[in-house]
Amino acid sequence: MTAVAPPVVTGARAAIPQGAGRSGPVAWMAIPALVLFGAFGILPLLGVLFLSFTQWDGIGAIHPAGLTSWRAELSDPGLLHALWVTFKIMFFSWLVQTPLSILIGVFLAGHQRYREFLAALFFIPLLLSSAAIAIAYKALLDPNFGLGAGLGFPLLSQDWLGDTTLAFGVLIFIVSWQFIPFHSLIYQGAVRQIPASLYEAAQLDGAGRIRQFFSITMPQLKYTIITSSTLMVVGSLTFFDLIFVLTAGGPADATRNLALDMYITGFQGNQMGTANAIAVILVLVGLALALLFRRLGGDASESQLEGA
Amino acid sequence: MDPRTTSRRSFLSLAAGLPVAGAALAACGSSGPSSSTAQGGGGSAAAGAGAATYWFLSGQPQQAIREDSIKRFNAANPGGQITTTEFQNDAYKTKIKTALGAGQGPTIIWGWGGGGLKSYVDAGQVEDLTSWFDQNPAQKERRFPSSFGAATVNGKVYALPAETVTPIIFYYNKKVFDKVGVQPPKSWADIMTLVDKFNSAGVAPFSLGGQSRWTNMMWLEFLLDRIAGSEVFQKVFEGKPDSWSDPAVKDMLTKVQDLVKANGFIKGFSSITADSNADLAVFYTGRAAMMVHGAWTYGTMKANGGDFVSGGHLGYMNFPPVDPATDKGDPSDTVGNPGQYYSISSKASDAAKETAKKFFATTVLDDTENKAWIGSGSVPLVKGVDSQFPPGGDGDFLKFIYNVSANAKNFAQSWDQALSPTQAETLLDNIAKLFQLSVTPDQWISNLNAVIGK
């Protein structure tokens, strides 16, 4: 797992607003962070890169093997499939989560008492571990003993995790259920930062609620959307625990993403060289995405705050 | 990479899945196993010069039997104590590999034999026990001969066959059979007829925990052995190129897909895991009429199935012939786990190795331990142990297992354990796809041929 950590860190950092850390003379304060990042981010990454050019079964000696692992991995149709699954998960979970998170976030930004109460409730899924969530859903969705059978409701007794399309849909649903609270929280904070004067002015000009939402709220949330999307997209690259417990990549390989493919190849198939090649691919994809989202952020000097 | 062991029986609740996942995630850190010296000696430091370490699987009832053997050994040998560390099944598999790779393994390595053992041997991690067996011929003599295959690599014995023998059994629910008015199958044609009859009666024909993958594999093992005998897989095992291209393999794969297409397996089988025992539950509750599964499931069905076992509703037999007229395989052949395997680390100190060997000679599978295994509903792999079986239903089942194991002309080790981990993973992956109908038999054969000998 260490192998996949760095891109997340990089991604998250890259997306955090710019400018604050560029003050110059306090650069030395970054040293502790740099040391930690070097020891636990860069160094393992180099190890992974080295191992990807070897053949190793995880037990015996490590044999340098040049490009053997890379050739095996790149010619394996399983890689393309795993990449495809990874991107599909990324795209659909983003597509489902973003609009819902924004809407819930905007809703929760209101200061009414009942909204604050609901905000606390919405937060609960985030407190559960992915493994626990997967086990709970697995039990609920069991076609023979699950919710459908228990309530005598045949519509719920689908082969939820055994059918290729359904299993993928269920996965997206659970991921969204788990992470929408987190992203809602981000949007809630961001919406509260929007100066009330903007809305007052809009109201005076006769703008309705929907017009206000699209003309004020959405543009003001631009950077929040980028931050939240970066977290979602780069985070979804490394989905492992939930899928591992829920479907183990199945049925067949319908939900086997890159992270799972890496684990199975390395720790179940004993092909550490190939698994490390997958890890390198994962790092590169993560870095590319993080950079892409940074680009999307545009010029950092543009401020959203009042008076700028 | 087969998680199948007798400890499966202990996965009584869904909650058992939690440590599985947690352990997998903790694979790069410490997974927090429970560790103890059986004598309250205060840690390994107090255990003396001959101190040995022993890692094994947790999960009742096997765990208690293993612990008890160590306790008795330590009480009798104050000079050479054995310290134990227990691991949950899936956590152990990752941990032992990593530990051996880092030279941090235990003195006594608990294992499954076969391809996994071979990878330890290739890395020079385990001690050759051939000479030990030559010096202790009685130890060799008293065990089932079939148990040594999976302990032998390149003609040398690297592990002590221990614990219990667990063949795969064809189970059927007598209550459901009576209700539908049918008899147990005697051929593949019978099976296909039964599938139609059960489906039209609204009962699923076969239970299957398909997400675990090795559960599906048991079907292939039996079909291929019945159709073509043990030679075909033997060639794969020996790494002969294109061994999967034998026409019997295609026949076997086609039959499996026919069965899937005929709705032979319970709805949702590909999302059922064997760890949760849901595959057993659909069988003993009568939602499915038949099941091909390991002998180790008997205890769970007895404990959880109400009067299913005690009321005599559980039927069991060896897997039927495919076509008695043309089968090349012997109908007495069986597949499964011929035993569990204890190896000694080659990196351990000589004194620790001596302690381990003493443990092997004096305590493993002694009378007390055998009684405990029998009491737990299992058959220790010791000749003549059938004289100790209790009378009644359990005794009948134990006798059946004993006879299947002792009389099998060929007791094949599960494929995924016999093969190297790399081949096993490809095998299991393609088997899952086969049952999902997402590969054709021809693709399956070429995918598997590609990894022979790897």
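Peer 1: Could you give an account of the overall build of chain B, naming the residues involved and the relevant values?
Peer 2: Looking only at helices and strands, chain B has 19 helices and 15 strands in total. Here chain B, with 454 residues, has 60% of them falling under the buried criterion. Considering only contacts in chain B between residues 6 or more positions apart, those separated by 24 or more positions represent 78%. Carbon and sulfur atoms provide 52% of the accessible area of chain B, an area that totals close to 15900 Å².

Peer 1: Please give an account of the nonpolar core that cites residues and values.
Peer 2: Residues and elements named next belong to chain B. Judged by nonpolar contacts, the single largest core of 75 residues is most densely connected at Tyr54, Tyr92, Tyr171, Met301, Tyr342, Phe359 and Phe360. In terms of residues, this core owes the most to one element, helix H16 (residues 393-407), which gives six residues. Discounting chain neighbours no more than four positions away, the residues touching Tyr342 are Tyr54, Ile108, Ile109, Trp110, Leu129, Ala159, Leu160, Ala162, Glu163, Phe359, Phe360 and Val364. Counting 67 residues, the second largest nonpolar core, distinct from the first, contains Phe177, Leu194, Val322 and Leu428.

Peer 1: Before we move on, could you go through the side chain of A:Gln212 and cite the residues and values that matter?
Peer 2: Residue and element names in this part refer to chain A. Checked against the element boundaries, Gln212 lands in helix H10 (residues 209-220). For Gln212, a relative accessible area of 11% gives the class buried. For Gln212, the side chain forms a polar contact with the main-chain oxygen of Ala207, separated by 3.3 Å. Residues within four places of Gln212 in sequence aside, it is in contact with Tyr199, Ala202, Gln203, Ala207 and Thr217.

Peer 1: Any details on the interface of chain A and chain B? Residues and values, ideally.
Peer 2: Contact residues are listed per partner, giving 37 residues for chain A and 38 residues for chain B. The junction of chain A with chain B conceals about 3100 Å² of combined surface from both sides, 61% of it contributed by carbon and sulfur atoms. Among the residues of chain A in contact with chain B, A:Ile59, A:Asn144 and A:Phe145 are the three that bury the most area, contributing 21% of the side total. Taken together, chain A and chain B are joined by three salt bridges. B:Asp429 serves as the salt-bridge partner of A:Arg256, at 3.2 Å between the closest nitrogen and oxygen. On the surface where chain A and chain B come into contact, there are eleven residue pairs in polar contact (both at pLDDT 80 or more). At the level of elements, helix H6 (130-140), helix H12 (241-246) and helix H13 (258-268) of chain A are the ones that each hand at least two residues to the side of chain A that touches chain B. The element contributing the most residues to the side of chain A that touches chain B is H6(A), with five residues.

Peer 1: Go over the pattern of salt bridges, please, and point to the residues and values.
Peer 2: Here the structure, examined in full by the defined rule, presents 18 salt bridges over all chains. Residue B:Glu163 is joined to B:Arg66 by a salt bridge in which the shortest nitrogen-to-oxygen separation is 2.8 Å. Note that B:Glu163 is positioned in the loop between strand E7 (160-162) and strand E8 (164-173) and B:Arg66 in helix H2 (residues 62-76), a separation of 97 residues in sequence. Note on accessibility: B:Glu163 and B:Arg66 belong to one class, buried. A salt bridge links B:Arg72 to B:Asp68; its shortest N-O distance comes to 3.4 Å. Highlighted residues: B:Arg72 and B:Asp68, both in helix H2, separated by four residues, approximately one helical turn. Each member of the salt-bridge network shares a partner with another, and the members are A:Asp253, A:Arg256, A:Asp261, B:Arg213, B:Glu425, B:Asp429 and B:Lys433.

Peer 1: Explain unusual backbone geometry residue by residue, including any values.
Peer 2: Look at A:Ala248: it is not a glycine, yet its phi comes out positive at around 55 degrees. Mapped onto the fold, A:Ala248 is located in the loop between H12 and H13. When its relative accessible area of 34% is taken as the criterion, A:Ala248 is described as partly exposed. Phi at B:Glu163 is positive, roughly 60 degrees, even though this residue is not glycine.

Peer 1: Please give an account of the confidence of the model for chain A that cites residues and values.
Peer 2: Taken over all residues, the pLDDT of chain A has a mean of 84, while the share at 70 or more is 88%. Across residues 1-16 of chain A the pLDDT falls below 50, and counting only partners more than four positions away or on other chains, this stretch makes 27 contacts in the model.

Peer 1: Now, about the pairing of strand E13 (residues 340-344) of chain B: what can you tell me, with residues and values included?
Peer 2: All names here are of chain B. Most of E13 is tucked away: five of the five residues are buried. Residues of E13 alternate between two faces, with Gln340, Tyr342 and Ile344 on one and Tyr341 and Ser343 on the opposite face, all of them buried. Across four bridges, strand E4 (residues 108-111) lies against E13 in antiparallel orientation. Within E13, the position partnered with Trp110 by the bridge is Tyr342. Bridge count for E7 against E13 is three bridges, and the pairing is antiparallel. In the strand pairing of E13, Ala162 is matched with Gln340.

Peer 1: Any details on the packing of helix H2 (residues 31-51) of chain A against helix H14 (residues 272-296) of chain A? Residues and values, ideally.
Peer 2: All names here are of chain A. Where H2 meets H14, the axes come as close as 7 Å, and the angle between the chain directions of the two elements is 130 degrees. The angle between H2 and H14 falls in the class oblique. The way H2 lies across H14 gives a crossing that is left-handed. Along its contact with H2, which presents Leu45, Val48, Leu49 and Leu51, the element H14 presents Gly273, Asn276, Ala279, Val280 and Val283. When the residues that make up the contact of H2 with H14 are grouped by side-chain class, the tally is seven nonpolar, two polar and no charged.

Peer 1: Provide a residue-level description of the environment of A:Val280, including the pertinent values.
Peer 2: All names here are of chain A. When you line up the elements, Val280 lands in helix H14. For Val280, a relative accessible area of 10% corresponds to the buried category. Taking the C-alpha atoms as reference points, Val280 and Leu46, 234 residues apart in sequence, are found 9.6 Å from one another. Among residues more than four places away in sequence, those in contact with Val280 are Val48, Leu49, Ser52 and Trp70.

Peer 1: Lay out H2(B) with the relevant residues and their values.
Peer 2: Residue and element names in this part refer to chain B. Taking 1.5 Å per residue as the helical rise, H2 with its 15 residues ought to reach 21 Å, and the 22 Å between its terminal C-alpha atoms agrees with that figure. Among the residues of H2, Gln62, Gln63, Ile65, Arg66, Ser69, Ile70, Phe73 and Asn74 are the ones counted as buried. Those residues of H2 that are buried lie in contact with strand E2 (52-57), strand E3 (82-87), E4, helix H14 (350-362) and helix H15 (367-375).

Peer 1: Which residues make up the packing of aromatic side chains, and what values do they have?
Peer 2: Under the counting rule described, the total for this entry stands at 53 aromatic pairs over all chains. A ring pair is formed by B:Tyr54 and B:Phe359, whose centres lie 6.0 Å apart and whose planes are at 55 degrees; its orientation type is tilted. In this pair, B:Tyr54 is assigned in strand E2 and B:Phe359 in helix H14, connecting sequence segments 305 residues apart. Across the pair, B:Phe359 and B:Tyr54 agree in class, each one buried. Here the aromatic rings of B:Phe269 and B:Phe435 are separated by 6.3 Å at their centres, their planes lie at 70 degrees, and the arrangement is edge-to-face. Of this pair, B:Phe269 sits in the loop between helix H11 (247-261) and helix H12 (278-284) while B:Phe435 sits in helix H18 (residues 421-435), placing them 166 residues apart in sequence. The class for B:Phe269 is buried, based on a relative accessible area of 11%. Classification of B:Phe435 by relative accessible area gives buried; the value is 2%. The residue whose ring lies beneath A:Lys88 is A:Phe168, and the NZ or CZ to ring-centre distance is 4.6 Å. Over the ring of B:Phe148 we find B:Lys140, and its NZ or CZ is 5.3 Å from the ring centre.

Cut-offs used in this document
Residues numbered from 1 in each chain as written. Chains lettered and ligands numbered in written order. Predicted model: local features only at pLDDT ≥ 70, side-chain atom pairs only at ≥ 80, totals over all residues. Heavy atoms only, no water. Helix = DSSP H or I, 4+ residues; strand = E, 2+ residues; numbered from the N terminus. Buried < 20%, exposed > 50% of the residue type's maximum accessible area, 1.4 Å probe, protein only. Contact = heavy atoms within 4.5 Å. Areas by Shrake-Rupley, 256 points an atom, 1.4 Å probe, with all protein chains shown as cover. Core = buried A, V, L, I, M, F, W, Y, C linked by side-chain atoms within 4.5 Å. Polar contact = N/O pair within 3.5 Å; in protein donor to acceptor, adjacent residues only side chain to side chain. Buried area = accessible area lost by both parts, 1.4 Å probe. Salt bridge = Lys/Arg side-chain N within 4 Å of Asp/Glu carboxyl O. pLDDT = per-residue confidence, 0-100. Pairing = 2+ DSSP bridges. Axes fitted to C-alpha atoms, helices over the stretch in contact; angles between N-to-C directions. Parallel < 35°, antiparallel > 145°, perpendicular 65-115°, else oblique. Left-handed = near helix turned anticlockwise from the far one by under 90°. Nonpolar A, V, L, I, M, F, W, Y, C, P; charged D, E, K, R; others polar. Expected span 1.5 Å × (residues − 1). Phe/Tyr/Trp six-rings, centres within 6.5 Å; stacked < 30°, edge-to-face > 60°. Lys NZ or Arg CZ within 6 Å of the ring centre and 35° of its normal.

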